[in-house]
Amino acid sequence: MTSKILVTGGAGYIGSHTSYACLDEGFEVVILDDLSTGVAHAISPEARFIEGDVADRELLARIFKEEKPDAVLHFAGRIVVPESVENPIKYYQENTCTSLGLLHEMVKADIGTILFSSTAAVYDPDNGGDALPEDALKVPLSPYGQSKLMTEAMIRDIGVAHGLGAGILRYFNVAGADPKGRVGQSTPNATHLLKIASQVATGKREFMEVYGEDYETRDGTCVRDYIHVSDLASAHVETLKHVLSVGGQITMNCGYGRGATVKEVIAAAERVTGSPIDARPADRRAGDAPSLVADVSRIRETLPSWQPKHETLEEMAETAIAWEEKLKTLNSA
Ligand SMILES: NC(=O)c1ccc[n+]([C@@H]2O[C@H](COP(=O)([O-])OP(=O)(O)OC[C@H]3O[C@@H](n4cnc5c(N)ncnc54)[C@H](O)[C@@H]3O)[C@@H](O)[C@H]2O)c1
Ligand SMILES: O=c1ccn([C@@H]2O[C@H](COP(=O)(O)OP(=O)(O)O[C@H]3O[C@H](CO)[C@H](O)[C@H](O)[C@H]3O)[C@@H](O)[C@H]2O)c(=O)[nH]1
């Protein structure tokens, strides 16, 4: 029998890729998005789209009654770390409180499964650079990270009390775009490294900055574990199948288990276009961890069927740059 899922934030970067991946796997997909940072062109015509706010509890109750989804994939939220420092109320309201309302409505409607987008920002930024297992020390530096960690705790407690199956996925650094060119990172003022490098590579920006070259890393720039968004999307599909079949709760890091420096990411983008990227040294960005790399043992053991297909920085850069080019036509249409 076909399973039906409700995807909150399905018009956003990761939610749209995951919606396509779920549709490709035969799931029925209903998307709830208020288009605050998402875009209509990211929504597959095969999905049912409801424009609305996840904080609207009456709307949620109606959707659950009418659509009876088997699971909710909860991507919707605010994601800008410095903004969360300036405006923590917004982040606790729109990430933590909205998620609590969603969980409450799920329990009331007896919806038994949730996947939740968490983040590597929950871990200790001064972690020494070793790969981080899921039980590593949590020291979220920003209200953004804290709002996610609090939501994780709510899901665990509510899950135990009400028998909710849950997959909590802690994404490391998500990059790239759909290799079929259907979707990509479309937020115009996104701040992610490869998005910025792709904007320079496609002539939308003249130059970019490298935030800090004096870290204790192999070339002085920060190290991150970049994961291609399509591999992350397929990790959701496999997690969904796993939780729908065995129930229970699982928290898993999503990355490849190896780090790349800022300069290595920029160099990959340069190899793709064959042209230099004007990347200028700049001061450290406040709150940046020197290194965040995932220990991926748990996801590998739990989901042996998850086979990443786009692990190279070149593939991430190639698909990101191709999407940036495509956006020129989409945005001028
Ligand atoms: N992008 C990353 O590198 C990254 C890393 C770790 C975790 N995450 C998490 O993954 C999730 C998705 O991130 P993304 O990069 O796709 O962001 P995004 O901004 O592209 O997507 C978020 C989507 O949610 C929608 N939305 C926001 N608030 C809403 C609300 N109240 N009601 C309905 N829709 C709402 C937006 O319109 C948008 O379509 C977020 O929860 C984020 O915290 C992202
Ligand atoms: O123009 C830029 C943009 C980024 N960077 C550097 O590139 C690295 C990656 O930065 P991103 O902004 O792409 O990503 P972050 O690691 O800061 O954060 C991302 O991953 C986190 C988890 O690790 C959170 O989930 C967060 O939501 C998400 O934006 C950092 O060292 C940053 O200083 C630059 O040097 N120049």
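Note that the coordinates shown come from a computational prediction; the quantities given were computed from them, not determined experimentally. (Residues numbered from 1 in each chain as written. Chains lettered and ligands numbered in written order. Predicted model: local features only at pLDDT ≥ 70, side-chain atom pairs only at ≥ 80, totals over all residues. Heavy atoms only, no water.)

Caption draft 1: Up close: the site of ligand 2. Residues in contact with ligand 2 amount to 20 residues; listed here are only the nearest, Thr119, Glu209, Arg224, Arg285 and Asp288. Within the backbone of glutamate 209, one N or O atom sits 2.7 Å away from a nitrogen atom of ligand 2. In this structure, an oxygen atom belonging to ligand 2 sits 2.6 Å away from a side-chain N or O atom of arginine 285. Coverage of ligand 2 by the protein chains reaches 92% of its 680 Å² of free accessible surface. Mapped onto the shell around ligand 2, the elements with two or more residues apiece are helix 6 (193–201) and strand 8 (208–211). With three residues, strand 8 is the largest single contributor of residues to the shell around ligand 2. By residue class, the composition of the shell around ligand 2 is 12 nonpolar, four polar and four charged. Counting contributing residues, the shell around ligand 2 receives three or more from each of domain 1 (4–175 + 226–254) and domain 2 (193–224 + 257–294 + 309–332). (Near = heavy atom within 4 Å. Polar contact = N/O pair within 3.5 Å; in protein donor to acceptor, adjacent residues only side chain to side chain. Areas by Shrake-Rupley, 256 points an atom, 1.4 Å probe, with all protein chains shown as cover. Helix = DSSP H or I, 4+ residues; strand = E, 2+ residues; numbered from the N terminus. Nonpolar A, V, L, I, M, F, W, Y, C, P; charged D, E, K, R; others polar. Domains from an automatic or database assignment.)

Caption draft 2: Just the nonpolar core, in detail. Core analysis: the biggest nonpolar cluster contains 67 residues, and Ile5 and Val29 have the highest contact counts within it. The dominant element in this core, judged by the number of residues it contributes, is helix 7 (residues 229–246), at seven residues. If you count residues domain by domain, this core takes at least three from each of domain 1 (4–175 + 226–254) and domain 2 (193–224 + 257–294 + 309–332). Every residue in contact with valine 29, bar those within four places of it in the chain, is listed here: Ile5, Val7, Ser19, Cys22, Leu23, Ala47 and Arg48. Membership of the second largest hydrophobic core comes to 22 residues, among which are Ile50, Leu59, Phe64 and Ala166. (Core = buried A, V, L, I, M, F, W, Y, C linked by side-chain atoms within 4.5 Å. Buried < 20%, exposed > 50% of the residue type's maximum accessible area, 1.4 Å probe, protein only. Contact = heavy atoms within 4.5 Å.)

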